[in-house]
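# Residue-level structure breakdown
For reference, the chains in residue letters:
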Amino acid sequence: MKDINEIIESLDYRREPRGLYEPIGYALSAGGKRVRPRLALLGAQVFGGDEQLVLPAALALEVFHNFTLLHDDVMDKAVVRRGRPTVHVKWDENTAILSGDQMLIEAYKLLSEVKEDKLAGVLRMFNKMATEICEGQQYDVDFEKREDVSIAEYMEMIRLKTSVLLATALQIGAYIAGADEEGQRALYEYGINLGLAFQIQDDLLDCFGDPATFGKAIGGDIREGKKTFMWLTARAKAGAGWSTQGKELAEVLREYEQLGVRKAAEEEIQRLTARALEQLETVPQNGAVAELRGLAAKLAGRTR
């Protein structure tokens, strides 16, 4: 099969009105790791399924993911995504919202191409995932106004906002391939733990990453007052009176180092990655599982 990047970039959004469709092509052409469609394909491969049967769902998952990014960037006032201006910066906020809405429709159009005998099940999984992502995003917004957020609440928020998309991609692939519920559940739990590790790594990189490789400005979460794993761990270690308000970014980062926040994040990433890998012990051992193991190790040590 052609590289998934080539397939995604071949999706034709050169339509009228250009103001609606051109931003969609722009967003999808920015590259990215294409983790979600690849996970859908790997989920099928683990159980000996045909990649071609999973491809419509894999593409739908990637288009849906990018739809969420367009709206997230508006809500977060982010100016850079994958090293390029965000859609709302290159065009405007109204364009980002409307083109994002159309991307959601495009995702469901792709999903409708799943074989009829699997479509109802795939739709149930996809819709559950889409709802949970919106719930996670709302919690994220709510947490910005709260000072009493717990680490447990944060972990549930990122499970919803980040992990369920990875987990559902794997589950959909396994389901289309004919895996039983136990097999689907193992891959789903692998995805949940991998997603949690992925998000905490993102929190870590937002503080200590290299902007040249991370693809966006460092310290964005701190400036926006987001309750990340880093912020919550610092507060837990320093006491309820600790805050980032009125502090320069460099000062906050020094305090994170002094409080052991960076080390705590790195340890949590390793713990969650190990939990993800444990799930793979219960599924058929083949090349796809080997790739999932490699992916876990790669994401745990990523720099962007």
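Procedures and definitions
- Residues numbered from 1 in each chain as written.
- Predicted model: local features only at pLDDT ≥ 70, side-chain atom pairs only at ≥ 80, totals over all residues.
- Heavy atoms only, no water.
- Core = buried A, V, L, I, M, F, W, Y, C linked by side-chain atoms within 4.5 Å.
- Buried < 20%, exposed > 50% of the residue type's maximum accessible area, 1.4 Å probe, protein only.
- Helix = DSSP H or I, 4+ residues; strand = E, 2+ residues; numbered from the N terminus.
- Contact = heavy atoms within 4.5 Å.
- Salt bridge = Lys/Arg side-chain N within 4 Å of Asp/Glu carboxyl O.
- Expected span 1.5 Å × (residues − 1).
- Polar contact = N/O pair within 3.5 Å; in protein donor to acceptor, adjacent residues only side chain to side chain.
- Phe/Tyr/Trp six-rings, centres within 6.5 Å; stacked < 30°, edge-to-face > 60°.

### Topic: the nonpolar core
F64, Y190, Y256 and L292 are the most contacted members of the largest nonpolar core, which has 95 residues in total. The element best represented in this core is helix α8 (residues 151–176), accounting for 14 residues. If we skip the residues at most four places from it in the chain, F64 touches L104, A107, F126, M129, A130, I133 and L165.

### Observations regarding unusual backbone geometry
Across the junction of E16 and P17, the peptide omega takes the value 0°, indicating a cis bond. Summarising the element assignment, P17 is placed in the loop between α1 (4–9) and α2 (18–28). The phi dihedral of R34 falls on the positive side, at around 55°, and the residue is not glycine. By secondary structure assignment, the location of R34 is in the loop between α2 and α3 (35–46). Residue class for R34 comes out buried when judged on its relative accessible area of 3%. Of note in the backbone geometry, R82 takes a positive phi value of approximately 55° without being a glycine. Relative to the helices and strands, R82 resides in the loop between β1 (80–81) and β2 (84–85).

### Observations regarding the pattern of salt bridges
Taken as a whole and judged by the stated rule, the model has 23 salt bridges. With a shortest N-O distance of 2.8 Å, E62 and R34 are connected by a salt bridge. Note that E62 is positioned in helix α4 (residues 51–76) and R34 in the loop between α2 and α3, a separation of 28 residues in sequence. The burial state of E62 is the same as that of R34; both residues are buried. E268 is the salt-bridge partner of R271, the closest N and O atoms lying 2.7 Å from each other. Linking R271 with E268, this pair stays in helix α14 (residues 261–279), spanning three residues, or about one helical turn.

### Section: helix α9 (residues 181–208)
Spanning 28 residues, α9 covers 40 Å between terminal C-alpha atoms, matching the ideal 40 Å at 1.5 Å per step. For α9, a buried count of 23 out of 28 residues is recorded, marking the element as mostly surrounded by other parts of the structure.

### Some remarks on helix α6 (residues 93–111)
An ideal rise of 1.5 Å per residue puts 27 Å on 19 residues; α6 measures up with 27 Å between its terminal C-alpha atoms. When we look at burial in α6, the residues that qualify are T95, A96, S99, G100, Q102, M103, E106, A107, L110 and L111. Those residues of α6 hidden inside the fold are in contact with α2, α4, α5 (87–90) and α7 (116–143). The N-cap of α6, judged by a side-chain oxygen 3.3 Å from the amide nitrogen of N94 a few residues on, is D92.

### A closer look at the side chain of K226
Residue placement: K226 occurs in the loop between α11 (220–223) and α12 (229–238). Residue K226 is classed as buried on the basis of its relative accessible area, which comes to 9%. In terms of polar contacts, K226 uses its side chain to reach the side chain of D140, at 3.3 Å. At 3.2 Å, the side chain of K226 forms a polar contact with the side chain of E144. Residues in contact with K226, not counting those within four places in the same chain, are D76, D140, E144, D221 and W231.

### Digging into the environment of L39
With respect to the helices, strands and loops of the structure, L39 is situated in helix α3. For L39, a relative accessible area of 0% translates into the label buried. Considering only alpha carbons, one finds L39 and M155, 116 residues apart in sequence, at a separation of 22 Å. Once residues within four sequence positions are removed from consideration, L39 is found in contact with L166, A169, L170, L292 and L295.

### Observations concerning the packing of aromatic side chains
The final tally for this structure, using the stated rule, is seven aromatic pairs. Ring plane angle 75° and centroid distance 5.4 Å describe the contact between F64 and F126, whose orientation is recorded as edge-to-face. Placement of F64 in helix α4 and of F126 in helix α7 is noted, with a sequence separation of 62 residues between them. In terms of burial, F64 and F126 fall into one category: buried. With centroids separated by 6.1 Å and ring planes inclined at 35°, the aromatic side chains of W242 and Y256 adopt a geometry described as tilted. In this pair, W242 sits in the loop between α12 and α13 (249–259) while Y256 sits in helix α13, placing the two residues 14 residues apart along the sequence. Comparing W242 with Y256, the two get one shared label, buried. The structure contains a cluster of three or more aromatic residues connected by ring pairs, namely F64, F67, Y108 and F126.

### Some remarks on the environment of D140
Considering the arrangement of structural elements, one finds D140 in helix α7. Overall, D140 belongs to the buried group, its relative accessible area being 7%. Between the alpha carbons of D140 and K161 there is a distance of 8.3 Å; along the sequence they are 21 residues apart. For D140, the contacting residues outside a window of four places in its chain are M157, K161 and K226. For D140, the side chain forms a polar contact with the side chain of K161, separated by 2.6 Å.

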